[in-house]
Amino acid sequence: MATSEETVKKIMDYFEGKGWLIPDVASAMNISEQYLRKILNNPEQHPEQITNIIARYKIR
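Heads up: these notes are all about the structure in this document. All of these numbers come straight from a predicted model, not from anything done at the bench.

1. With respect to the environment of I22
- You can see I22 is positioned in helix α2 (residues 22-29).
- For the pair formed by I22 and E33, sequence separation is 11 residues and the distance between their alpha carbons is 6.6 Å.

2. Regarding helix α3 (residues 33-41)
- Regarding α3, the residues found buried are L36, I39 and L40. Looking straight down α3, one finds its buried side chains confined to an arc of 95 degrees; they lie on one side. Among the exposed residues of α3, those oriented more than 90 degrees off its buried face are Q34 and N41.
- Elements that come into contact with the buried residues of α3 comprise α1 (4-18), α2 and α4 (47-57).

3. Remarks on the side chain of T7
- Relative to the helices and strands, T7 resides in helix α1.
- By relative accessible area, T7 is classed as buried at 17%.
- Not counting the four nearest positions on each side in its chain, T7 is found in contact with A2, I50 and I54.

4. A word on α4
- Regarding α4, the residues found buried are I50, I53 and Y57. The buried side chains of α4 occupy one side of the element, clustering within an arc of 60 degrees when seen end-on. Every exposed residue of α4 that faces more than 90 degrees away from the buried side is listed here: E48 and A55.
- Buried-residue contacts for α4 involve α1, α2 and α3.
- Just past α4, the residue K58 takes up positive phi, approximately 55 degrees.

5. Description of the packing of α2 against α4
- Interhelical geometry of α2 versus α4 gives an angle of 90 degrees and a closest axis separation of 13 Å. Between α2 and α4, the angle is such that the two are roughly perpendicular. Of α4, the residues touching α2 (which contributes V25, A28 and M29) are I53, R56 and Y57.
- Along the lines of polarity and charge, the residues of the contact of α2 with α4 split into 5 nonpolar, no polar and 1 charged.

Definitions and limits used
Residues numbered from 1 in each chain as written. Predicted model: local features only at pLDDT ≥ 70, side-chain atom pairs only at ≥ 80, totals over all residues. Heavy atoms only, no water. Helix = DSSP H or I, 4+ residues; strand = E, 2+ residues; numbered from the N terminus. Buried < 20%, exposed > 50% of the residue type's maximum accessible area, 1.4 Å probe, protein only. Arc of directions from axis to C-beta. Contact = heavy atoms within 4.5 Å. Axes fitted to C-alpha atoms, helices over the stretch in contact; angles between N-to-C directions. Parallel < 35°, antiparallel > 145°, perpendicular 65-115°, else oblique. Nonpolar A, V, L, I, M, F, W, Y, C, P; charged D, E, K, R; others polar.

Below you can see the structure in the form of structure tokens.
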């Protein structure tokens, strides 16, 4: 099982690979940029939201 840091790195690498910035992703997810940053900075406290991001973008 991946650690939370590895998971966030995979998510960020995926976004970078697509050329997406945090504000773009937050807007697409209809959440604030501040909330998305809070999720990515504290993945242990937001496992459901991290899972939703992974599922929504099909990140492997």
